[in-house]
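# Summary of the model geometry
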There are 2 protein chains.
Amino acid sequence: MSFSITEENYIKAIFHLQQGDENVSTNELAAELHTKAASVTDMLKKLKAKKLLSYERYKGVRLSAEGKKLALGIVRKHRLWEFFLVDTLQFGWDEVHDVAEELEHISSKKLVEKLDAFLGHPKFDPHGDPIPDSHGKMAVQQHINLIDLALNKIAEVSGVGSQSTELLELLKHKHIGIGTKLEVKRKFSFDHSIEIKIKNQNAFTISQQLAQALFVKTV
Amino acid sequence: MSFSITEENYIKAIFHLQQGDENVSTNELAAELHTKAASVTDMLKKLKAKKLLSYERYKGVRLSAEGKKLALGIVRKHRLWEFFLVDTLQFGWDEVHDVAEELEHISSKKLVEKLDAFLGHPKFDPHGDPIPDSHGKMAVQQHINLIDLALNKIAEVSGVGSQSTELLELLKHKHIGIGTKLEVKRKFSFDHSIEIKIKNQNAFTISQQLAQALFVKTV
DNA sequence: AATTAAATTTAGACAAATCTAAAAATAATA
DNA sequence: TATTATTTTTAGATTTGTCTAAATTTAATT
Ligand SMILES: [Mn+2]
Ligand SMILES: [Mn+2]
Ligand SMILES: [Mn+2]
Ligand SMILES: [Mn+2]
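Treat the numbers as computed from the prediction; the structure is a model and nothing was measured.

### Regarding the overall build of chain A
Of the regular secondary structure elements, chain A holds eight helices and eight strands. Expressed as a percentage of the 219 residues in chain A, the buried residues total 42%. Entry remark: accessible area of chain A is about 11900 Å², with carbon and sulfur atoms responsible for 52%. Distance between charge centres in chain A, computed from 30 positive and 29 negative side chains, equals 6 Å.

Quick look at the structure:
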């Protein structure tokens, strides 16, 4: 069976919203997709008929195994294309989301596999999010917020909490990116700023807001 | 202004059909787009309203300057993506058309320019068709059919008349591709087969059908 | 020139995806 | 529990692109 771009966007949105264990509500979906609740209801009936999800009126929605598989395929394409755009074509990470939002709907199965191979089977996208493999499996990132990292433990930046241009600008200026190794030397309770040190550089402090936007894993 | 995938496909189809000087007819378009004449009429009215073409009922259609510019942009994307698929991702040239048919509608202007630069600003796609540059200009190929090439003139394969798997299979077997240099040694009137010679190889004959499917330019 | 044939356009209907406004169900609060 | 407030669904329209069947125009033949 094949699905329209609209249907695929709904499936992906549900996938991202159902990370908890509660069902996804009509209003949540409407907000995520910048559409109206009435439109969501219409589409949910359609996607239920296609067996991509379980849905009963007034009770929210959850993807079926089928739906989850479809969602993972779309997420795989989205993140592979993001990797391509940044790694191969030198886009900034704040520029790639909207383009990938289109590219993720290109249907060729062969294209995805060839692209994956060309890129060297990357495990994470430019924002540190895991890329599902061709079977839908992806690395489970147990990264923690930088604000919670213990003192003097060397850790590697593995993800960001936002993909905004503003964050990218700041990170560029401080020479921090995915993969940067650092350790926390002090935490200041006055403003919750923290002092970090990157190898071969002098220690410097970063704001609470920035620390909360960074995820790290210990190495 | 932005255009739907359907509108873009119409514009591109008209562009390809209007190479002569006559207007493009409704039926020609319907055949090209695998749709019905009535649908074409509806769409032509819409595209006329958007000033992409001139159209009067019963008189056929022709692209405006606007329309031509749009068409060249789509053709540029189509051929750049085909080049990418063959050159970077190692697709066979018979596999790329349908994928490029989708990729040509990705809207990001920046993506096209970065892709073009990454590929090294190629001038021709894998089938020997010229790739328009960012201003819509493209090399005017004055290649001739191999069947019409004079004896003992060294020429370079510059295009194919078909993109079928069958042709590709045959050309692979004979080690002929775009860029191959060859000369015609004899022409046989019995079956119109021709004997060709590729540098450092023994001469061999190819059929009339194959010769007619190959375009060359003298070097 | 009259007739037939072919091409093209209109008329009317349909499916997909969306919207607004009103109704119905559920949740929250007094 | 009764009353509000919120969420969700239905009802009815709208837009885009498509189709079939019938009407119209143009082209080709007698
Ligand atoms: Mn999308
Ligand atoms: Mn991402
Ligand atoms: Mn297309
Ligand atoms: Mn081509």
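### Here we look at the coordination of the manganese ion (ligand 3)
All names here are of chain B. In this structure, Asn-9 (OD1), Glu-101 (O), Glu-101 (OE), Glu-104 (OE) and His-105 (NE2) serve as the protein donors to the manganese ion (ligand 3), at separations of 2.1 to 2.7 Å. In the primary sequence, the donor residues of the manganese ion (ligand 3) line up as N-x91-E-x2-E-H. By relative accessible area, Glu-104 is classed as buried at 0%.

### Structural notes on the protein's contact with DNA strand C
The immediate surroundings of DNA strand C are formed by 20 residues, with A:Ser4, A:Thr35, A:Lys46, B:Lys45 and B:Tyr55 found nearest. For DNA strand C, the backbone makes up 78% of the atoms found within 4 Å of the protein, where backbone means sugar plus phosphate. For DNA strand C, a phosphate oxygen lies 2.3 Å from a polar atom in the side chain of B:Tyr55. Within the contact set of DNA strand C, a phosphate oxygen lies 3.0 Å away from a backbone nitrogen or oxygen of B:Tyr58. Of all the secondary-structure elements, those providing two or more residues to the surface near DNA strand C are helix 1 (5-17) and helix 3 (37-49) of chain A together with helix 2 (26-32) and helix 3 (37-49) of chain B. Among the residues forming the surface near DNA strand C, the class breakdown is seven nonpolar, eight polar and five charged.

### Here we look at the domain arrangement of chain A
Residues and elements named next belong to chain A. Domain boundaries in chain A define domain 1 (5-63), domain 2 (72-139) and domain 3 (144-218). Taken over C-alpha atoms, the centre of domain 2 sits 26 Å from the centre of domain 3. Listed by partner, the interface residues are nine residues for domain 2 and nine residues for domain 3. Taking both sides of the interface into account, the surface hidden between domain 2 and domain 3 amounts to around 770 Å²; carbon and sulfur atoms contribute 58%.

### Focus on the sheet that holds strand 5 (residues 181-187) of chain A
Residues and elements named next belong to chain A. If you trace the six strands from one edge of the open sheet to the other, you get 3-8-4-5-6-7, paired in antiparallel fashion. The sheet terminates laterally at strand 3 (144-145) and strand 7 (204-206), the two strands that pair on one side only. Sheet analysis places strand 3 next to strand 8 (residues 214-218), joined by two bridges and oriented antiparallel. Bridging from a neighbouring strand, Asn-145 pairs with Phe-215 of strand 8.

### Examining the interface of chain B and chain A
Between chain B and chain A, the residue contacts involve 20 residues of the former and 20 residues of the latter. Across the interface of chain B and chain A, roughly 1700 Å² is buried in total on both sides, 72% from carbon and sulfur atoms. Ranking the residues of chain B by area buried against chain A places B:Leu89, B:Glu102 and B:Lys114 at the top, with a combined share of 28%. Here A:Lys110 and B:Glu95 are joined by a salt bridge, their closest N and O atoms 2.5 Å apart. Where the side of chain B that touches chain A is concerned, the elements lending two or more residues are helix 4 (65-87), helix 5 (97-103) and helix 6 (109-119) of chain B. With five residues, helix 6 of chain B is the single largest residue contributor to the side of chain B that touches chain A. Grouping the amino acids of the side of chain B that touches chain A by side-chain chemistry returns 11 nonpolar, five polar and four charged.

### Some words on the protein's contact with DNA strand D
As a matter of local geometry, DNA strand D sits amid 20 residues, with A:Lys45, A:Tyr55, B:Ser4, B:Thr35 and B:Lys46 nearest to it. In DNA strand D, atoms within 4 Å of the protein come 78% from sugar and phosphate. Within the contact set of DNA strand D, a phosphate oxygen lies 2.3 Å away from a side-chain nitrogen or oxygen of A:Tyr55. Across the surface near DNA strand D, the residue classes tally to seven nonpolar, eight polar and five charged.

### Comments concerning the relation of the copies chain B and chain A
Screw-axis analysis of chain B against chain A gives a translation of 0.0 Å along the axis, an RMSD of 0.1 Å, and a rotation angle of 180°. Expressed as an axis order, the relation between the two copies is that of a two-fold axis. Among all residues of chain B, the minimum C-alpha distance to the rotation axis is found for B:Leu103, at 3.8 Å.

### A closer look at a negative patch on the surface
Residues and elements named next belong to chain B. Where like charges cluster on the molecular surface, the negative patch consists of Asp-21, Glu-22, Glu-28 and Glu-32. Relative to the helices and strands, Glu-32 is located in helix 2. Classification of Glu-32 as partly exposed rests on a relative accessible area of 40%.

### As for helix 4 (residues 65-88) of chain A
Structurally, the α-helix is built with 3.6 residues per turn, so residues lying three or four positions apart point the same way. Residue and element names in this part refer to chain A. Taking 1.5 Å per residue as the helical rise, helix 4 with its 24 residues ought to reach 34 Å, and the 34 Å between its terminal C-alpha atoms agrees with that figure. Most of helix 4 sits out of view: 17 of its 24 residues are buried. Gln-90 sits one or two positions beyond helix 4 and adopts a positive phi of about 65°.

### Notes on helix 1 of chain A
All names here are of chain A. Its 13 residues place the ends of helix 1 18 Å apart at the C-alpha level, agreeing with the 18 Å of an ideal helix rising 1.5 Å per residue. Every buried residue of helix 1 is listed here: Glu-7, Glu-8, Tyr-10, Ile-11, Lys-12, Ala-13, Ile-14 and Phe-15. Of the surrounding elements, those touching the buried residues of helix 1 are helix 2 (26-32), helix 3, strand 1 (53-55), strand 2 (61-63), helix 4 and helix 5 (97-103).

### Description of unusual backbone geometry
Residues and elements named next belong to chain B. With phi around 50°, His-121 is a residue other than glycine that occupies positive phi space. In this structure, His-121 sits in the loop between helix 6 and strand 3 (144-145). Here the phi dihedral of His-192 falls at roughly 60°; this positive angle occurs in a residue that is not glycine. Within the element layout of this structure, His-192 appears in the loop between strand 5 (181-187) and strand 6 (194-198). By relative accessible area, His-192 is classed as partly exposed at 45%.

### Examining the environment of B:Glu95
Residue position: B:Glu95 is located in the loop between helix 4 and helix 5. By relative accessible area, B:Glu95 is classed as partly exposed at 29%. Here the alpha-carbon distance between B:Glu95 and B:Glu82, two residues 13 residues apart in the chain, equals 9.3 Å. Engagement of the side chain of B:Glu95 in a polar contact is seen with the side chain of A:Lys110, the distance being 2.5 Å.

Quick notes on the rules
- Residues numbered from 1 in each chain as written.
- Chains lettered and ligands numbered in written order.
- Predicted model: local features only at pLDDT ≥ 70, side-chain atom pairs only at ≥ 80, totals over all residues.
- Heavy atoms only, no water.
- Helix = DSSP H or I, 4+ residues; strand = E, 2+ residues; numbered from the N terminus.
- Buried < 20%, exposed > 50% of the residue type's maximum accessible area, 1.4 Å probe, protein only.
- Areas by Shrake-Rupley, 256 points an atom, 1.4 Å probe, with all protein chains shown as cover.
- Lys, Arg positive; Asp, Glu negative; His and termini not counted.
- Charge placed at Lys NZ, Arg CZ, Asp CG, Glu CD.
- Donors = N, O, S within 2.8 Å, 3.2 Å for Na, K, Ca; no water.
- Near = heavy atom within 4 Å.
- Polar contact = N/O pair within 3.5 Å; in protein donor to acceptor, adjacent residues only side chain to side chain.
- Nonpolar A, V, L, I, M, F, W, Y, C, P; charged D, E, K, R; others polar.
- Domains from an automatic or database assignment.
- Contact = heavy atoms within 4.5 Å.
- Buried area = accessible area lost by both parts, 1.4 Å probe.
- Pairing = 2+ DSSP bridges.
- Salt bridge = Lys/Arg side-chain N within 4 Å of Asp/Glu carboxyl O.
- Least-squares fit on C-alpha atoms with pLDDT ≥ 70 in both.
- Patch = residues over 30% accessible without salt bridge, like charges linked within 9 Å, V, L, I, M, F, W, Y side chains within 5 Å.
- Expected span 1.5 Å × (residues − 1).

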